Amino acid sequence: QQPVTVAIKPANAVLKERLALISTIRELSDGRVIFTNGRDNLIVVADFKSGKVERIGQAPGSSGDFVNAGLMGALAGDTSYIVDRVTKGWTVFDGTRVLGVLPATSPLVAAIRSPLYGTDISGHILTSMPSHLLPAEPLHTTDSMYLVRVDHATGEQDTVAHIALSSGPGKTIHKGDTVDVFSDQYEMAVMARDGWVAIVRIKPYRVDWWSPSGGLIRGAPIAYQPITLDDKERAPFLYRVAKDRFPADWPTPVARWPAVMPPFDGYGQPIATPDGKILVSRTHAAADSGRHYDIVDRKGSVVGQLVVRDPLRILGFGAHSVYIGVASDDNSTTIERHPWP
């Protein structure tokens, strides 16, 4: 039986001013939204009621310098951090005001060795670490990782679950002209704001959950129909990969292919929704445009499928909203706010 198709509800607000490419977003308690743009090094706050957009992130004690805009994460209340793309330190915000900077050498920042998988309202940060750096854990191989919850106040580490390298979705780009398609990709995870952690497994495709109070909950395998990677599917897929990730002057990549696509797209991290679910970006056939998401509840069951047609893109969620970017030909983006759920 096919899951129910879920449509995004009509927008209840649209930002009049167009923004450039959005990297991450953060909804504040008063409804304003912070957007970061790493490519153009911008951090702005937008008020959907007044339509006002203002640049923020001026370094303390400086008359003109602004924080280098990298990935942004939410801590407790309206406190946020933004990773400095140059120094790799963290700039900490209270709302839109810069509180200070944690240098890359600080114990907390040094403990976060890999991309962040989310934060909760208690100040825990989910990251991943190679197993050989965690001698107390049983798996000590170079192709395994552990999800680790780090307390931002103390730096204490708590292992959540093991994740593995897989022949599932993803790619490895070799400098030059070769792409390994769907190879050497970690299983993926995301932390919800209440501390629950969703882990998207590959073999078999399923979603496990880790509860702060109850530990690991294993999800049942999720049925899917594999898509054969024949000539009809290969070229469109490689284009979707190459157009965003290869410089224009690179040669056309030569790809090594598996027989079928894996179930989910390894290029996009799962997205936690405010109502206790996650969105898993699915692979799809060339004839189906846009993004297709499985909506998975905390039992590991697919309760619906969300289809976001081009040129729409999910930017992130607020307490009761989903923010959608509508791309234009000039690389600007119109931001819409839609109710969720």
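Residues numbered from 1 in each chain as written. Predicted model: local features only at pLDDT ≥ 70, side-chain atom pairs only at ≥ 80, totals over all residues. Heavy atoms only, no water.

## A short note on the packing of aromatic side chains
Link 1 in the chain: Summed over all chains, the structure comprises 6 aromatic pairs.
Link 2 in the chain: Residues Phe-48 and Tyr-323 carry aromatic rings whose centres are separated by 5.6 Å and whose planes lie at 50° to one another, so their mutual orientation is tilted. Of this pair, Phe-48 sits in the loop between strand E5 (42–46) and strand E6 (53–55) while Tyr-323 sits in strand E27 (residues 321–327), and the two are 275 residues apart along the sequence. As far as burial versus exposure is concerned, Phe-48 and Tyr-323 are alike and both buried.
Link 3 in the chain: With centroids separated by 5.7 Å and ring planes inclined at 40°, the aromatic side chains of Tyr-205 and Phe-264 adopt a geometry described as tilted. Taken together, the residues span a long stretch of sequence, with Tyr-205 in the loop between strand E18 (197–201) and strand E19 (206–211) and Phe-264 in the loop between strand E21 (254–256) and strand E22 (271–272) at a distance of 59 residues. Side by side, Tyr-205 and Phe-264 carry an identical accessibility label, which is buried.
Link 4 in the chain: Three or more aromatic residues joined by ring pairs make a cluster, and in this case those are Tyr-205, Tyr-224 and Phe-264.
Link 5 in the chain: Here Arg-55 stacks its cationic end above the ring of Phe-66, 4.0 Å away from the centre of that ring. (Phe/Tyr/Trp six-rings, centres within 6.5 Å; stacked < 30°, edge-to-face > 60°. Helix = DSSP H or I, 4+ residues; strand = E, 2+ residues; numbered from the N terminus. Buried < 20%, exposed > 50% of the residue type's maximum accessible area, 1.4 Å probe, protein only. Lys NZ or Arg CZ within 6 Å of the ring centre and 35° of its normal.)

## Quick word on the sheet that holds E5
Link 1 in the chain: If you trace the 4 strands from one edge of the open sheet to the other, you get E3-E4-E5-E6, paired in antiparallel fashion. Only two strands of the sheet have a single neighbouring strand rather than two, namely strand E3 (24–27) and E6. Within this sheet the neighbouring strands show an average axis-to-axis angle of 25°, counted without direction.
Link 2 in the chain: In this sheet, E6 lies alongside E5 in antiparallel orientation, the contact comprising 3 bridges. Counterpart to Val-45 in the pairing with E6 is Glu-54. (Pairing = 2+ DSSP bridges. Axes fitted to C-alpha atoms, helices over the stretch in contact; angles between N-to-C directions.)

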